[in-house]
Amino acid sequence: VIKPVDIVEIKKSIYYAKKYHGSQMRQSGEPYYSHPIEVAYMLAEYTEQYMPKYFRTNMIVIAILHDTIEDTELTEDMIAHVFGYQIASQVEALTRVKPDRKISSAEMVERLCKDQRYEVLLIKLFDRLHNIQTISAKSPEKIKKIIEETISKFIFLSVVLEATTVEKELIEICYKHLLNLQEHQHKFP
């Protein structure tokens, strides 16, 4: 039996994402907070259907807050005060800005795999899936870099997490963008 999610906690996390991401915009022109909400929605839909043991309120809340520490004034301590230490710790794990430097998404995946933080990795996988679904707003150079990183780290991660439908979608999107990049190079050598 799947335990129902706590709608009040989810609404509270949406409130904090909207409040702290504020007027930030994505390159596509959408409000930034739409991205973590979409990641949480895809994660919830997928886990409910394919991985019910991961379908929990905390996972959805963490997905909604996943970029707040990195991109806003919201801190790990503030999240811990409102949502509890466990959620704050997992949001911090999804933050690329570390005390010594900013790490790549690939390095984050490697660290989380080494530490066997599969729930956090699942959120990171859906973060990448949504980012790659909306990649067209980026420059060809940035698209190429993201596609290469997706192929080298995230397709493998989807295999490790046994997320076969995500794996297939990542492969299809990467292939489509690689073909577009090749066409672009032929037009503008």
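See the structure above.
Let us look at the structure shown here. No experiment lies behind these values; they were computed from the predicted model shown. (Residues numbered from 1 in each chain as written. Predicted model: local features only at pLDDT ≥ 70, side-chain atom pairs only at ≥ 80, totals over all residues. Heavy atoms only, no water.)

Things to note about the side chain of Ser105
The residue Ser105 is located in helix α7 (residues 105–114) in this model. Exposure remark for Ser105: the relative accessible area of 7% places this residue in the buried category. In this structure Ser105 touches Arg96, Lys124, Arg128, Glu149 and Phe154, once residues within four positions along its chain are discounted. (Helix = DSSP H or I, 4+ residues; strand = E, 2+ residues; numbered from the N terminus. Buried < 20%, exposed > 50% of the residue type's maximum accessible area, 1.4 Å probe, protein only. Contact = heavy atoms within 4.5 Å.)

Some words on a negative patch on the surface
Together, Glu30, Glu38, Glu45 and Glu48 make up a region of like negative charge exposed at the surface. Turning to its location among the elements, Glu30 is positioned in the loop between α1 (7–21) and α2 (34–50). Its relative accessible area of 35% is what places Glu30 among the partly exposed residues. (Patch = residues over 30% accessible without salt bridge, like charges linked within 9 Å, V, L, I, M, F, W, Y side chains within 5 Å. Areas by Shrake-Rupley, 256 points an atom, 1.4 Å probe, with all protein chains shown as cover. Salt bridge = Lys/Arg side-chain N within 4 Å of Asp/Glu carboxyl O. Lys, Arg positive; Asp, Glu negative; His and termini not counted. Charge placed at Lys NZ, Arg CZ, Asp CG, Glu CD.)

Thoughts on helix α3 (residues 57–65)
For α3, the buried fraction is high: eight of the nine residues fall into the buried class. Each element contacted by the buried residues of α3 is listed here: α1, α2, α4 (68–71), α5 (76–83), α6 (85–93) and α8 (118–133).

Structural notes on the environment of Ala44
Tracing the backbone through its elements, the reader meets Ala44 in helix α2. Taking the C-alpha atoms as reference points, Ala44 and Met59, separated by 15 residues in sequence, lie 8.0 Å from one another. If near-sequence neighbours (up to four positions away) are discounted, Ala44 is found in contact with Phe55 and Ile60.

Here we look at the environment of Glu38
Residue placement: Glu38 occurs in helix α2. The exposure class assigned to Glu38 is partly exposed, which follows from its relative accessible area of 31%. For the pair Glu38 and Val82, spaced 44 residues apart in the sequence, the C-alpha separation amounts to 22 Å.

With respect to the nonpolar core
With 54 residues, the main nonpolar core has Ile79 and Phe126 as its most contacted residues. No other element matches the eight residues that α8 contributes to this core. For Ile79, the residues in contact, after removing those within four places along its chain, are Leu65, Thr68, Ile69, Leu74, Gly84, Ile87, Ala88 and Val91. (Core = buried A, V, L, I, M, F, W, Y, C linked by side-chain atoms within 4.5 Å.)

As for the side chain of His66
Its location among the elements puts His66 in the loop between α3 and α4. Polar side-chain contacts of His66 include one of 3.4 Å to the side chain of His35. A distance of 3.1 Å separates a polar atom in the side chain of His66 from a polar atom in the side chain of Asp127. Among all residues touching His66, those that are not within four sequence positions of it are His35, Pro36, Val39, Val91, Leu94, Ile123 and Asp127. (Polar contact = N/O pair within 3.5 Å; in protein donor to acceptor, adjacent residues only side chain to side chain.)

Read these as geometric descriptors, not functional statements.
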